[in-house]
Amino acid sequence: VQLQASGGGLVQAGGSLRLSCAAPGRTFSSYVMGWFRQAPGKEREFVAAIRWSGNNTYYADSVKGRFTISRDSTKNTVYLQMNSLKPEDTAVYYCAADRTFASATYRFARAYDYWGQGTLVTVSS
């Protein structure tokens, strides 16, 4: 499964960006799709996830209320709408896919089977 992440860029604090993660020709009926991020010198951390079937969403506390994850089944694409961005949101953002959902593991990068190439988000103060 090839995941193609895009949409990163430079934005001022308080601004918005929308990231996209596409998987052309792929269906994800039982998958969970996640967004993770990694800042320089830090470990990769969970940002948000969505279950393809049922549309349940999950968020890290640090982004709850500011970020929204969604999916478009017709385009096999997952989105991460990021509002009220802060300098601490600066990181490389990765999308990932896990073939099965588990409530105990969806926040952990090691649970995911497939990864996109990452897209850089820089938030200036």
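Data block above holds the structure.
Residues numbered from 1 in each chain as written. Predicted model: local features only at pLDDT ≥ 70, side-chain atom pairs only at ≥ 80, totals over all residues. Heavy atoms only, no water.

**Student:** In this structure, what is going on with unusual backbone geometry? I would like to understand it.
**Tutor:** Positive phi is not limited to glycine here, since N76 has a value of about 50 degrees. Mapped onto the secondary structure, N76 falls in the loop between β7 (67-72) and β8 (77-82). Residue N76 is classed as buried on the basis of its relative accessible area, which comes to 14%. A positive phi angle, close to 50 degrees, is found at S84, a residue other than glycine. Along the chain, S84 falls in the loop between β8 and β9 (91-98). Classification of S84 by relative accessible area gives partly exposed; the value is 41%. (Helix = DSSP H or I, 4+ residues; strand = E, 2+ residues; numbered from the N terminus. Buried < 20%, exposed > 50% of the residue type's maximum accessible area, 1.4 Å probe, protein only.)

**Student:** Which parts of the structure should I look at to understand the sheet that holds strand β1 (residues 4-6)?
**Tutor:** Hydrogen bonds between backbone atoms are what pair the strands of a sheet, whose relative direction is either parallel or antiparallel. The sheet built from four strands is open, its strands ordered β1-β3-β8-β7 with antiparallel pairing. The outermost strands of the open sheet, each flanked by one partner alone, are β1 and β7. Each adjacent strand pair in this sheet contributes to an overall mean axis angle of 15 degrees, direction not counted. Judged from the three bridges that link them, β1 and strand β3 (residues 17-22) form a sheet pairing that is antiparallel. Opposite A5, over in β3, you have C21 as the bridge partner. (Pairing = 2+ DSSP bridges. Axes fitted to C-alpha atoms, helices over the stretch in contact; angles between N-to-C directions.)

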